[in-house]
Amino acid sequence: MKLNEIGRIAGIQKYASGNGHRSEQASPARRKDEVSISPEAKELLESQRMNQAELAQRLSELKSSVSAGTYSVDAGKLADKLLPYLKSPSE
């Protein structure tokens, strides 16, 4: 039975020295990442910006009507929206 097999150590040393040799090689020029946005995506982004302006205006109107006490809730619409959540799963 051999406890120290010299061939194994030499194999490990060759492997270790081989890895260092690879990293010393000149690496090829790396490509830079590019991002391109399609015209459809740009259009969607622009429409979203316009919607945000409308949303801000609507929110401002709602805040003013709530603070003035003139905001009213349509009970029928509210009930229609809540009904699916209140139904039991067996129905």
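Residues numbered from 1 in each chain as written. Predicted model: local features only at pLDDT ≥ 70, side-chain atom pairs only at ≥ 80, totals over all residues. Heavy atoms only, no water.

**What to know about the overall build of the protein**
Spelled out, the test is: Elements are defined by DSSP. Helices are runs of H or I of four residues or more, strands are runs of E of two residues or more, and each kind is numbered from the N terminus. Only protein chains enter the accessibility calculation, which uses a 1.4 Å probe; a residue is then buried when its area is under 20% of its type maximum, exposed when over 50%, and partly exposed in between.
Across its full length, the protein carries three helices and zero strands. Counted from the first residue to the last, the protein has its helices and strands arranged as α-α-α. Here the protein, with 91 residues, has 1% of them falling under the buried criterion.

**Some thoughts on a nonpolar patch on the surface**
Here is the rule: Patches here: salt-bridge-free residues with over 30% relative accessible area, like charges joined within 9 Å, nonpolar side chains (Val, Leu, Ile, Met, Phe, Trp, Tyr) joined within 5 Å. All accessibility values rest on the Shrake-Rupley procedure with a 1.4 Å probe; residue burial counts only the protein chains present in the view. A pairing counts as a salt bridge when a side-chain nitrogen of Lys or Arg comes within 4 Å of a carboxyl oxygen of Asp or Glu.
Among the surface-exposed residues, V66, Y71, V73, L78, L82, Y85 and L86 lie close enough to one another that they form a single nonpolar patch of about 800 Å² accessible area. Considering the arrangement of structural elements, one finds V73 in the loop between α2 (39-68) and α3 (75-86). When its relative accessible area of 56% is taken as the criterion, V73 is described as exposed.

**Focus on the pattern of salt bridges**
Opposite charge on two side chains allows them to pair when their charged atoms are near. For the coordinates displayed, the defined rule picks out one salt bridge. For R49, the salt bridge is made with E46, and the minimal N-O distance between the two is 3.9 Å. Linking R49 with E46, this pair stays in helix α2, spanning three residues, or about one helical turn. The partly exposed category is assigned to E46, whose relative accessible area is 43%.

**Details of α3**
In an α-helix, one turn spans 3.6 residues; hence positions three or four apart end up facing the same way. Threshold: One less than the residue count of a helix, multiplied by 1.5 Å, gives the span that helix is expected to have.
In this model, α3 (twelve residues) spans 15 Å end to end at C-alpha, consistent with the 16 Å of a helix rising 1.5 Å per residue. Within α3, only zero of the twelve residues are buried, leaving the element largely exposed.

**Describing the side chain of S65**
Cut-off, in case you're wondering: The contact definition used throughout considers only heavy atoms, calling two residues in contact when any of these lie within 4.5 Å.
If you trace the backbone, S65 turns up in helix α2. The residues contacting S65, other than those within four sequence positions of it, are T70 and Y71.

**Thoughts on the confidence of the model for the protein**
The criterion, for reference: The pLDDT value tells you how sure the predictor is about a given residue, anywhere from 0 up to 100.
Mean pLDDT over the protein: 79, with 66% of residues reaching 70 or higher. Ranking the elements of the protein by mean pLDDT puts helix α1 (residues 6-24) last, at 57, and α3 first, at 91.

**Describing α2**
The end-to-end C-alpha separation of α2 is 44 Å, in line with the 44 Å expected for 30 residues at 1.5 Å each. With its phi angle positive at about 85 degrees, G69 sits one or two positions after the end of α2.

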